[in-house]
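# Structure assessment
Each chain, letter by letter, is given below.
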Amino acid sequence: MEKGAMEGSFRQALSDFTFEAASGGAIRHLADLGFTVKQIEERLDFPTPPARIRETVWKHLIDTGVICLEDPRSASSGTSGGPGGVRINYVREYDSYGRPSFRRVAEADSGREAEGEYLVCEFGSLRYKDPQKYSQILSLLDAVQAEYIDGLPWPPGRVWHRTDDRMLEIFRRIRDAGAEQGDSFRTSEDI
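Everything numeric in this text was worked out from a predicted model, so none of it was measured. (Residues numbered from 1 in each chain as written. Predicted model: local features only at pLDDT ≥ 70, side-chain atom pairs only at ≥ 80, totals over all residues. Heavy atoms only, no water.)

## A closer look at the overall build of the protein
- Counting its regular elements, the protein contains eight helices and six strands.
- Taken across its 191 residues, the protein has 35% of its residues classed as buried.
- Long-range contacts, defined as pairs at least 24 residues apart, comprise 62% of the intrachain contacts of the protein with a sequence gap of at least 6.
- Accessible surface for the protein amounts to roughly 11400 Å². Of this, 51% is attributable to carbon and sulfur atoms. (Helix = DSSP H or I, 4+ residues; strand = E, 2+ residues; numbered from the N terminus. Buried < 20%, exposed > 50% of the residue type's maximum accessible area, 1.4 Å probe, protein only. Contact = heavy atoms within 4.5 Å. Areas by Shrake-Rupley, 256 points an atom, 1.4 Å probe, with all protein chains shown as cover.)

Laid out in structure tokens, this is it:
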């Protein structure tokens, strides 16, 4: 490896470590409490770029199974990153002479199991393909709901979001305003 590449790798590792120590755990904790990306940014003690907060929240929502990038009902149990996947851990063991070694252990990833119902969200498609319709959908929501939706980096296409109180209320507001369900939401059964 070149010296420049090694320095770049070291800088990236140091940056990641600094971020994790200063903000990573706090961001995930606040996301678990239901805060939006904007609210998290306002509460952090260490200045963190909004894009980094957004990435961390999105990854945490995927890791905890709140958001699935594949249909949770059809996701296979494998290491594909979907619900019901397998988490690989390494366990340190010592032999009779006290020498450490590591053993690879595969465990069911219970934190990511698809439990309950999911709503199919197509906010990313709207954001990129029809920004006017996306703005119209956001205007139907209250400020915190709109912040939640707009603060996440929705990819174009379908995303499955666990049905929780926040998303049910967002779904009801969109539906009650007469917007078509297919514009942004569908229940898993509608597909």
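## Points about the nonpolar core
- Membership of the largest hydrophobic core comes to 33 residues, with the highest contact counts inside it found for Val57, Ile67, Phe123, Ile149, Leu152 and Trp154.
- Broken down by element, the residue count for this core peaks at five residues, all from helix α3 (residues 50–63).
- When neighbours within four sequence positions are excluded, Ile67 is seen to be in contact with Trp58, Leu61, Ile62, Leu152, Trp154, Val159, Trp160 and His161. (Core = buried A, V, L, I, M, F, W, Y, C linked by side-chain atoms within 4.5 Å.)

## Examining the confidence of the model for the protein
- For the protein, the mean per-residue pLDDT works out to 82, and 82% of the residues sit at or above 70.
- Contacts from residues 76–83, a stretch scored under 50 in pLDDT, to residues over four places away or in other chains number 15 contacts. (pLDDT = per-residue confidence, 0-100.)

## Looking at the side chain of Thr36
- Structurally, Thr36 can be placed in the loop between α1 (3–32) and α2 (37–43).
- At 2.8 Å, the side chain of Thr36 and the side chain of Glu147 are in polar contact. (Polar contact = N/O pair within 3.5 Å; in protein donor to acceptor, adjacent residues only side chain to side chain.)

## Focus: helix α7 (residues 165–176)
- Given a rise of 1.5 Å per residue, 12 residues ought to cover 16 Å, and the 16 Å separating the end C-alpha atoms of α7 matches this to within 8%.
- Residues of α7 that are buried: Met167, Ile170, Phe171 and Ile174. Down the axis of α7, the buried side of the element spans an arc of 100°, and every buried residue falls inside it. Among the exposed residues of α7, those pointing more than 90 degrees away from its buried face are Asp165 and Asp176.
- Residue Gly178 follows α7 closely and has a positive phi angle near 90°. (Expected span 1.5 Å × (residues − 1). Arc of directions from axis to C-beta.)

## Some words on the pattern of salt bridges
- Throughout the structure, instances matching the rule amount to nine salt bridges.
- Salt-bridge contacts for Asp63 lead to Lys59; the nearest nitrogen and oxygen are separated by 2.7 Å. Of this pair, Asp63 and Lys59 are both found in helix α3, four residues apart, which corresponds to roughly one turn of the helix.
- For Asp63, a relative accessible area of 32% corresponds to the partly exposed category.
- Close ionic contact of Asp150 with Arg127 constitutes a salt bridge, the shortest N to O distance being 3.2 Å. Linking Asp150 in helix α6 (residues 143–151) with Arg127 in helix α4 (residues 123–129), this pair joins segments that are 23 residues apart in sequence.
- Classification of Asp150 as partly exposed rests on a relative accessible area of 40%. (Salt bridge = Lys/Arg side-chain N within 4 Å of Asp/Glu carboxyl O.)

## Points about the pairing of strand β5 (residues 159–162)
- Across two bridges, strand β1 (residues 67–68) lies against β5 in antiparallel orientation. Its bridge partner being in β5, Ile67 is matched across the sheet by His161.
- Two elements, strand β4 (residues 118–121) and β5, share four bridges in a ladder whose sense is antiparallel. Bridging from a neighbouring strand, Cys121 pairs with Val159 of β5. (Pairing = 2+ DSSP bridges.)

## Quick look at the packing of aromatic side chains
- Counted by the stated rule, this structure contains two aromatic pairs.
- For the pair Trp58 and Trp154, a centre-to-centre distance of 5.4 Å together with 75° between the ring planes defines the contact as edge-to-face. Separated by 96 residues along the polypeptide, Trp58 in helix α3 and Trp154 in the loop between α6 and β5 bring together distant segments of the chain.
- Aromatic pair Phe123 and Trp154: ring centres 5.2 Å apart, planes at 55°, arrangement tilted. Within this pair, whereas Phe123 is found in helix α4, its partner Trp154 is found in the loop between α6 and β5, the two being separated by 31 residues in sequence. With respect to burial, Phe123 and Trp154 carry one shared label: buried.
- An aromatic cluster of at least three residues, connected via ring pairs, comprises Trp58, Phe123 and Trp154. (Phe/Tyr/Trp six-rings, centres within 6.5 Å; stacked < 30°, edge-to-face > 60°.)

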